[in-house]
Each structure stands twice: as structure tokens, then as C-alpha cells.
Amino acid sequence: MFDKALLAGVFLLFGGMAWVIADSIHETVIQVGDTAPDFTITTDQGQRISPRNFGGRVLVLNFWASWCEPCVDEAASLSDFQKQTAGSGVVVVAVSIDRNEKLYDQFRQRFQPAFQTARDPDANISASYGTFKVPETYIIDRNGRVVQKVIGAKNFMDSDVLDSIRSL
């Protein structure tokens, strides 16, 4: 009787381990058409935000880091983009995966972005989107759906980009 209970326990243990391993291998990658994953973060401006806070507006969610040269190159155009689209229902939120808070703060002081910024040093939010390389930007429509996904640096002041996002 004890042997059967022990054997059943071993099978349950291995079954549980197999489930954990299979679940950890499954990688979520958000694509165009998917519902944007929910998250909550406090911006450097002190505002607690989540994608639901932007109902009725288009959210441009940018993942970046201060040590990422393409992210640095893209920052000025993203800031100009926010200034130009602010009155049209478009909000830019840039979430940094910087672990080093000092470098992050130096970047923000140097560039003084016109958009909201926040730091997620454990990269939990970007990982929930399937982002493991920065920069990466998700354009989320008024209904919470990802309508565009931009991998790599982008000139957000390009007329095609402006027109595309304004049309949302």
C-alpha cells in the first residue's frame, strides 16, 4: 500500500514538473490584432497608468533603454511626435528596461522627453508583450487592440507614420 502511494506521489511530482516546464517554454508574442496585455505602472510624472486608462485615445507604447543606441536615435522623433499629436487623442508612453536608475535618469534629464516615461527594470511589461529586444513600439487603438507593431527604431515624424496613426 505504501509503495503504491509513493509511486502515485512520484508520478504527480513528475507530472507537475512537466507542466511547469511546458508552461515556461510557451512564449507569448503579441502580434497585430491581439488585445494588448494589461499592466499597471507609475510614470516618472507620478501618474499610475494601464492600457485601460487610455480608453478613447490611441496609445503608443514604446519599450526602450538608455544604453540602446537605436532607442537614443528614436527618442527625439518620438518626443516631437507626441508634441504634434497630443491634441488629437494620441498618448505616448515609453517604458524603459534600464536596470541602472542613474543612467536612466541621466537620459531623461538630457533629452527631456515630451512623453510619459516609466522604468521597468525587471522587464516584466515588455516580456508580457513578447519584447526581448529594444526598441519596440506597439500602437494600441481605442479598443485596446494592437494595430501596429514596430520592431526597431522608427522616425515617428515621417509623414506616413503620422498619417497612419492619426487615422486611428
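Note that this is a predicted model, so its numbers are computed, not measured.

(A) View of the pattern of salt bridges. For the structure shown, the criterion picks out 4 salt bridges. In this structure, Asp44 engages Arg108 in a salt bridge whose closest nitrogen and oxygen atoms are separated by 3.3 Å. One end of the pair, Asp44, is in the loop between strand E1 (41-42) and strand E2 (48-49); the other, Arg108, is in helix H3 (residues 101-111), and 64 residues separate them in sequence. A salt bridge links Arg108 to Asp105; its shortest N-O distance comes to 3.3 Å. Highlighted residues: Arg108 and Asp105, both in helix H3, separated by 3 residues, approximately one helical turn.

(B) Inspection of empty space enclosed by the protein at higher detail. One pass over the structure, following the stated rule, counts 1 cavity of 30 Å³ or more. Space inside the largest cavity adds up to approximately 60 Å³. Lining the largest cavity we find Asn62, Trp64, Cys71, Glu74, Ala75, Leu78, Ala94, Phe107 and Phe115. Among the elements of the structure, strand E3 (58-64) and helix H2 (69-85) are those that each provide at least two residues to the lining of the largest cavity. The greatest single-element share of the lining of the largest cavity, amounting to 4 residues, is contributed by H2. Taken together, the residues of the lining of the largest cavity break down into 7 nonpolar, 1 polar and 1 charged.

(C) Quick look at the side chain of Asp120. Take Asp120: it is sitting in the loop between strand E5 (116-119) and helix H4 (124-129). Although Asp120 lies buried, it forms no salt bridge, and the closest oppositely charged side chain, Arg119, sits 8.5 Å away as judged by the N-O distance. Side-chain polar atoms of Asp120 contact the backbone nitrogen of Asn124, separated by 2.9 Å.

(D) A look at the nonpolar core. With 41 residues, the main nonpolar core has Leu61, Phe81 and Tyr129 as its most contacted residues. Every element with two or more residues in this core is listed here: E3, H2, strand E4 (90-96), H3, H4, strand E6 (136-140) and helix H5 (159-166). Those residues in contact with Phe81 that sit more than four places away from it in its chain are Val60, Val90, Val92, Phe156, Met157, Leu162 and Ile165.

About the criteria used
Residue positions are given per chain, counted from 1 along the sequence in the order it is written. Thresholds applied to this predicted model are a pLDDT of at least 70 for local features of residues and 80 or more for the giving and counting of side-chain atom pairs; totals over whole chains, interfaces and linings are not thresholded and use all residues. Excluded from the side-chain calculations are hydrogens and water; all other atoms, namely the structure's heavy atoms, are used. Any carboxyl oxygen of Asp or Glu within 4 Å of a side-chain nitrogen of Lys or Arg constitutes a salt bridge here. Secondary structure is summarised from DSSP: a helix means a run of H or I of at least four residues, a strand means a run of E of at least two, and numbering begins at the N terminus for each. Put simply, the grid is 1 Å and covers the protein atoms alone, a cavity is a trapped set of points that fit a 1.4 Å probe, a pocket is an open set with protein on both sides within 12 Å along at least five of seven lines, and lining residues have an atom within 4 Å of a point. Grid points are joined across faces, edges and corners, and a volume is the space filled by probe spheres set on the points. Note on residue classes: Ala, Val, Leu, Ile, Met, Phe, Trp, Tyr, Cys and Pro are nonpolar, Asp, Glu, Lys and Arg are charged, and everything else, Gly too, is polar. Only protein chains enter the accessibility calculation, which uses a 1.4 Å probe; a residue is then buried when its area is under 20% of its type maximum, exposed when over 50%, and partly exposed in between. His is not counted here, nor are the chain ends, while Lys and Arg score as positive and Asp and Glu score as negative. What qualifies as a polar contact is a pair of N or O atoms within 3.5 Å, subject to a donor-acceptor requirement within protein and to the restriction that residues adjacent in sequence count only when both atoms come from side chains. Remark: nonpolar core denotes a set of buried residues (Ala, Val, Leu, Ile, Met, Phe, Trp, Tyr, Cys) joined through side-chain atoms within 4.5 Å. Here a residue-residue contact requires only that any non-hydrogen atoms of the pair lie within 4.5 Å.

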